[in-house]
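So you can see what is in the structure, the chains are spelled out below.
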Amino acid sequence: MYAVIESGGKQQTVEKGRRIKVEKLDVEPGETVELPVLLISGDGETIIGKPQIEGASVKAKVLKQDKERKVVVFKYKRKIGYRKKQGHRQPYTLLEVTDIVAPGGSSSAE
């Protein structure tokens, strides 16, 4: 069974036990979060939400809050001595999917 979730304006496909990086969430490591579900597929059946599936959720455990590797932005214009160097580290939350709950209340905890 897999599901498509939305977090931080981005969609990701998840399965039970998978680790995913999402935009930073305001939660502490060790806590559990529920994410909205856009699509659930498994057992030969697919349910598509409009836009979300009512009663369905993906439960995930927060493993850590961290920052991505640095991205260097370097701007340069020749002959006029213009150089500008900037760096950016995007914060993220690392989650481990513990359960996918379908609308009828059935879960993927098999």
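Everything quoted here is computed from the prediction, not taken from an experiment.

> Would you take a moment to explain the side chain of T93 for this structure?
Topologically, T93 is positioned in strand β9 (residues 91–101). A residue is classified by how much of its surface remains accessible, and T93, at 0% relative accessible area, is buried. At a separation of 2.7 Å, a polar atom in the side chain of T93 contacts the side chain of Q65. Excluding residues within four positions of it along the chain, T93 makes contact with I20, K21, V22, E23, K24, L25, V62, K64 and Q65.

> Honestly, the pattern of salt bridges in this entry has me stumped. Any pointers?
Where charged atoms of side chains with opposite charge meet at close range, the side chains can pair. All chains considered together, the criterion is met by 3 salt bridges. Residues K21 and E68 are paired through a salt bridge, measuring 3.6 Å at the closest nitrogen-oxygen approach. With K21 in strand β3 (residues 19–23) and E68 in the loop between β6 (57–67) and β7 (71–77), this pair connects stretches of sequence that are 47 residues apart. Judged by its relative accessible area of 40%, K21 falls in the partly exposed class. Across the pair K64 and D66 runs a salt bridge, and its minimum N-O distance is 3.5 Å. A relative accessible area of 35% places K64 in the partly exposed class.

Rules used throughout
Throughout, residues of each chain are indexed from 1 in the direction in which the sequence is written. A pLDDT threshold of at least 70 governs which residues receive local features in this predicted model, and a stricter bar of 80 or more applies before side-chain atom pairs are shown or counted, although totals over entire chains, interfaces and linings include all residues. The basis for every side-chain value is the complete set of heavy atoms in the structure, and neither hydrogens nor water enter the calculation. Labels follow the DSSP assignment, with helices taken as runs of H or I lasting at least four residues and strands as runs of E lasting at least two, numbered in each case from the N terminus. We call a residue buried when its accessible area falls under 20% of the maximum for its residue type, exposed when it is over 50%, and partly exposed in between, using a 1.4 Å probe and counting protein chains only. Polar contact is defined as a pair of N or O atoms within 3.5 Å, subject to the rule that within protein one atom must be able to donate a hydrogen and the other to accept it, and that residues adjacent in sequence are counted only when both atoms are side-chain atoms. When checking whether two residues touch, look at their non-hydrogen atoms; a contact exists if any pair is within 4.5 Å. Each reported salt bridge corresponds to a side-chain nitrogen of Lys or Arg within 4 Å of a carboxyl oxygen of Asp or Glu.

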